[in-house]
Amino acid sequence: MTMKTIKRSPIALAILAMLYEAPMHPYRMQQLIKERGKDEVINVAQRASLYQTVNRLEREGLIASQGTSREENRPERTVYELSPAGRAIMLQWMREILSTPSQEFPDFPAAISFLPLLTPDDARLQLEQRAVALQAEIDRIEQNLRHAIAMPVPRLFLLEMEYLSATYGTQLAWVRAITADLQSGKLTWSEAWLRQIAMELSQPSEHTSS
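The rules we used
- Residues numbered from 1 in each chain as written.
- Predicted model: local features only at pLDDT ≥ 70, side-chain atom pairs only at ≥ 80, totals over all residues.
- Heavy atoms only, no water.
- Helix = DSSP H or I, 4+ residues; strand = E, 2+ residues; numbered from the N terminus.
- Buried < 20%, exposed > 50% of the residue type's maximum accessible area, 1.4 Å probe, protein only.
- Contact = heavy atoms within 4.5 Å.
- pLDDT = per-residue confidence, 0-100.
- Axes fitted to C-alpha atoms, helices over the stretch in contact; angles between N-to-C directions.
- Parallel < 35°, antiparallel > 145°, perpendicular 65-115°, else oblique.
- Left-handed = near helix turned anticlockwise from the far one by under 90°.
- Nonpolar A, V, L, I, M, F, W, Y, C, P; charged D, E, K, R; others polar.
- Phe/Tyr/Trp six-rings, centres within 6.5 Å; stacked < 30°, edge-to-face > 60°.
- Lys NZ or Arg CZ within 6 Å of the ring centre and 35° of its normal.
- Core = buried A, V, L, I, M, F, W, Y, C linked by side-chain atoms within 4.5 Å.

Chemist: Go over the environment of leucine 145 with me, naming the residues and quoting the values.
Modeler: The topology assignment puts leucine 145 in helix H6 (residues 120–150). The buried category is assigned to leucine 145, whose relative accessible area is 8%. In this structure the C-alpha to C-alpha distance between leucine 145 and serine 165, which are 20 residues apart in sequence, comes to 9.6 Å. Each residue touching leucine 145, except ones within four places of it in the same chain, is listed here: Leu158, Met161 and Glu162.

Chemist: How would you summarise the confidence of the model for the protein if you had to cite specific residues and measurements?
Modeler: For the protein, per-residue confidence averages 93 on the pLDDT scale, and 94% of positions sit at 70 or higher. Confidence scores differ between elements of the protein, with strand E1 (residues 63–69) showing the lowest mean pLDDT of 91 and helix H7 (residues 159–184) the highest of 98.

Chemist: Give me the lowdown on the packing of helix H1 (residues 10–21) against helix H3 (residues 47–59), citing residues and values where you can.
Modeler: Interhelical geometry of H1 versus H3 gives an angle of 70 degrees and a closest axis separation of 10 Å. In this view, H1 runs roughly perpendicular relative to H3, as classed from their interaxial angle. Pair H1 / H3 crosses with right-handed handedness. In this structure, H1 contributes Ile11, Ala12, Ile15 and Leu16 to the contact, and H3 contributes Ser49, Leu50, Thr53, Val54, Arg56 and Leu57. Its residues assigned to classes, the contact of H1 with H3 comprises seven nonpolar, two polar and one charged.

Chemist: Quick rundown of the packing of aromatic side chains? Include the residues and the values.
Modeler: Inspection of every chain in the model, using the stated rule, returns one aromatic pair. Seen in terms of ring centroids, phenylalanine 108 and tryptophan 174 are 6.3 Å apart; in terms of plane orientation they differ by 85 degrees. Their pairing is edge-to-face. Placement of the pair is phenylalanine 108 in helix H5 (residues 107–113) and tryptophan 174 in helix H7, with a sequence separation of 66 residues. Stacked on the ring of phenylalanine 108, the Lys or Arg arginine 130 has its end atom at 3.6 Å from the ring centre.

Chemist: I'd like to hear about the nonpolar core, residue by residue, with values.
Modeler: Judged by nonpolar contacts, the single largest core of 25 residues is most densely connected at Ile15, Leu16, Leu19, Met29, Leu57, Ile63 and Trp93. Here the element with the most residues in this core is H1; it accounts for eight residues. In contact with isoleucine 15, not counting residues within four places along its chain, are Met29, Leu50, Thr53, Val54 and Leu57. Ranked by size, the runner-up nonpolar core spans twelve residues in total, among them Leu127, Leu172, Ile178 and Trp189.

What follows is the structure, encoded as structure tokens:
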């Protein structure tokens, strides 16, 4: 199996990164990801997803079982270590992700592309609610950043929080601009207008060759 055929994901990258530090069991990986605030950008809320990814990486030869460990009265847990192939693909993924933008398909742009399904007033109301939620999220992240800096935590380990704050801020500015245009009527539509546009688009173009 070549490295190119292995499925890449944030949680797979996190597992390899954790094992790059030291051998550990999946529960400890989940603990460290949460303790370090990496769960802001890596979804480890469902432990089953973590274990499924661990099993897949083991099958692909990127990690290997080192044995089991037991802590006090807790059940035995399998400890994993990073294989040479795992280290190589971890570095490959890091370079690819950092250097090359990938085409992603999040929910929000998809819903924006179908905005005319709602009335302008309804669309404005929903986007106003999103703006409130975005501002609350930005405030939460900024508070966490201030707390971390005061500890102090080196900036190197807070870059993903900076990124989230910046991207949410950019989205918030855009959402507020759209809601302002909807409020003023600069951006609007009606069912009759949409039908007219649909009819015009369905007509063959004058420049289309026969």
